[in-house]
Amino acid sequence: MFCHLRPMRRLCLEKIFPHWFPYSRALSGAEAVNALRPFYFAVHPDFFGQHPVEREINENSLKRLSVYLENLQKPGFKSLKPTQLTFYVRETDQSSSDGQEPFSTSGFRAVKFTLHTRDLLSTVLYILNSCSLSVEHIQSFNTNVHTQPLKEAKRMPDRPIKWDKSYYSFTGFKDPDEDLEQVSRVETTLTWQRSWGIAHRCSQLHSLSRLAQQNLETLKKAKGCTIIFTDRSGMSAVGHVMLGTMDVHHHWTKLFERLPSYSDLQRRLMILEDQISYLLGGIQVVYIEELQPVLTLEEYYSLLDVFYNRLLKSRILFHPRSLRGLQMILNSDRYVPSLHELGHFNIPTICDPANLQWFILTKAQQARENMKRKEELKVIENELIQASTKKFSLEKLYKEPSISSIQMVDCCKRLLEQSLPYLHGMHLCISHFYSVMQDGDLCIPWNWKNGEAIK
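So, how was this worked out
Residues numbered from 1 in each chain as written. Predicted model: local features only at pLDDT ≥ 70, side-chain atom pairs only at ≥ 80, totals over all residues. Heavy atoms only, no water. Helix = DSSP H or I, 4+ residues; strand = E, 2+ residues; numbered from the N terminus. Buried < 20%, exposed > 50% of the residue type's maximum accessible area, 1.4 Å probe, protein only. Contact = heavy atoms within 4.5 Å. Areas by Shrake-Rupley, 256 points an atom, 1.4 Å probe, with all protein chains shown as cover. Pairing = 2+ DSSP bridges. Axes fitted to C-alpha atoms, helices over the stretch in contact; angles between N-to-C directions. Parallel < 35°, antiparallel > 145°, perpendicular 65-115°, else oblique. Nonpolar A, V, L, I, M, F, W, Y, C, P; charged D, E, K, R; others polar. Salt bridge = Lys/Arg side-chain N within 4 Å of Asp/Glu carboxyl O.

**Q** I'd like a description of the overall build of the chain, backed by residues and values.
**A** When helices and strands are counted, the chain shows 14 helices and 14 strands. Taking all 455 residues of the chain together, 47% fall into the buried category. Once local pairs closer than 6 in sequence are excluded, the contacts in the chain between residues at least 24 apart make up 65%. Carbon and sulfur atoms make up 52% of the accessible area of the chain, which amounts to about 24,700 Å² in all.

What follows is the structure, encoded as structure tokens:
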């Protein structure tokens, strides 16, 4: 009844492992989960509701497979006991009956194989080949593989599958939503500095979840904070906890342990901002993350302190509260003040005080007009996003943080003049360049030219 792959194993090695396998790097746990998506889709017990025997067999086999994969990822493991697994594989676009038992009238066939591999990549390839599923998508996980396309490989779905909760319970893999829920029990907000793919995000959530399991008391120190996954660890200028994605748990733990000591510095920073505001007629000092370099709390406090001391020495005078409602940001890489199109002032830290006073007084009215225009643009932007989403039947339309409202409005207006039926059901991101993100989102530049947007 079942197909045994153990005989003639060495002769089948070339078929089981593609030509680029010897040049491939190791596969991470998150990448292994993504690589096995077509397999999980073909054997998931939820699709065998009317076949209780086959459903139970797949449930048990998935649990044993989960244990095998987890053991492969444990540091220092030497060898694993061969594990024999049986799966009922549904007929899908990825499936082929070559060399396997033909599909039954119910639309599935039985596959039996024995795991005896020593790393994640060879295990994933062995499973997919045993079930006659494509391995083409695995080539994208390896940066050193040959670029020659795999023969007879079939197309993967355009967008990763969103799995039901039962998928994680049966496979034993971490549900990123549960990871998010677990770390959110200490009332934190999680976000990302930039648009990493879904695999990277799941990996980062999994790392934070493991830290919560190992040292929950330390993580509780972040209660009420916003946690940002970014390029370096520390406390950000606006008081957010930055977790460097390249740092190990030890660095994250030390940061969480230091969080209470940042409270005093945060209070001093707020007082410093109020003092600067008082000297400049009530202008609010703000830090706009999308428009300023990523600074730590210590770096931003030092910047404010230098500017405040220069103001004190210059003794420039503004009428109290005359500039209330206006905003300014400090820049360490500028020498001349300017007025941003969104209405806030860009003020250099080492700006000449006399020139600063004259510039602010002469530009104050224009700044108020720009701020009013910004609010109007925001309304127009939201209306155009809704109209574009509806016209093209998009699943989601959004923009990168660095895209201004003016740029987004211009982009959406020109998009609405086009006929783009193939955007149906897609996620469209307005960015600065063309790309396709790992989780299937399509990115186009805001200033696309006619003919480019349909490539």
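There's more to say after this.
**Q** So what about the pairing of strand E6 (residues 241-244)? Which residues, and what values?
**A** Side-chain direction in a regular strand flips from residue to residue, so the side chains alternate between the two faces of the sheet. Burial along E6 is two-sided: Val 241 and Leu 243 and Met 242 and Gly 244, pointing in opposite directions, are all buried. Alignment of strand E5 (residues 234-235) against E6, held across 2 bridges, turns out to be antiparallel. Pairing of Gly 234 across the sheet is with Met 242, part of E6. Here E5 hands over to E6 after 5 residues, with Gly 239 in that stretch at a positive phi of 90°.

**Q** Can you break down the sheet that holds strand E9 (residues 338-339) residue by residue, with the values?
**A** The strand order E7-E8-E10-E9 describes an open sheet built from 4 strands, whose pairing is mixed. Two strands lie at the open edges of the sheet, namely strand E7 (284-285) and E9, each paired on one side alone. Both E7 and strand E8 (residues 327-331) contribute to a ladder of 2 bridges, which runs parallel. Residue pairing across strands places Val 285 opposite Met 328, the latter belonging to E8. Sitting on the sheet, helix H12 (residues 297-314) is in contact with E7, E8 and strand E10 (345-348), with an inclination near 105° to E8.

**Q** Tell me what's going on with the sheet that holds strand E3 (residues 189-192), and back it up with residues and numbers.
**A** The 4 strands lie next to each other as E3-E4-E6-E5, forming an open sheet whose pairing is mixed. Looking along the sheet, the strands with just one partner apiece sit at the ends: E3 and E5.

**Q** Go over the pairing of strand E14 (residues 442-445) with me, naming the residues and quoting the values.
**A** The pairing of strand E12 (residues 427-431) with E14 spans 4 bridges and is parallel. Looking at the pairing, Leu 428 lines up with Leu 442 of E14. Where strand E13 (residues 435-436) lies against E14, 2 bridges are found, and the strand directions are antiparallel. When the sheet's bridge partners are listed, Val 436 is paired in E14 with Leu 442. Hairpin connection from E13 to E14: 5 residues lie between these consecutive antiparallel strands, with Gly 440 at a positive phi of about 95°.

**Q** Help me get a handle on the packing of helix H4 (residues 52-72) against helix H5 (residues 120-130), residues and values and all.
**A** The contact between H4 and H5 brings their axes to 10 Å, and the two run at 155°. The angle between the axes of H4 and H5 places the two elements in the roughly antiparallel class. Within the contact between the two elements, H4 uses Leu 65, Tyr 68, Leu 69 and Leu 72 and H5 uses Leu 120, Thr 123 and Ile 127. Here the contact of H4 with H5 is composed, by residue class, of 6 nonpolar, 1 polar and no charged.

**Q** Can you break down the pattern of salt bridges residue by residue, with the values?
**A** By the definition in use, this model includes 6 salt bridges. Here Glu 59 ties to Arg 55 by a salt bridge, and the two come within 3.0 Å at their closest N and O atoms. Here the residue Glu 59 and the residue Arg 55 both occupy positions in helix H4, the gap between them amounting to 4 residues, near one helical turn. Accessibility expressed as a relative area gives 16% for Glu 59, which makes it buried. Arg 373 is the salt-bridge partner of Glu 376, the closest N and O atoms lying 3.8 Å from each other. Highlighted residues: Glu 376 and Arg 373, both in helix H13 (residues 353-391), separated by 3 residues, approximately one helical turn. Of the residues examined, Glu 376 reaches a relative accessible area of 37% and is grouped as partly exposed. Sharing partners across several salt bridges, the network here consists of Lys 378, Glu 381 and Lys 399.

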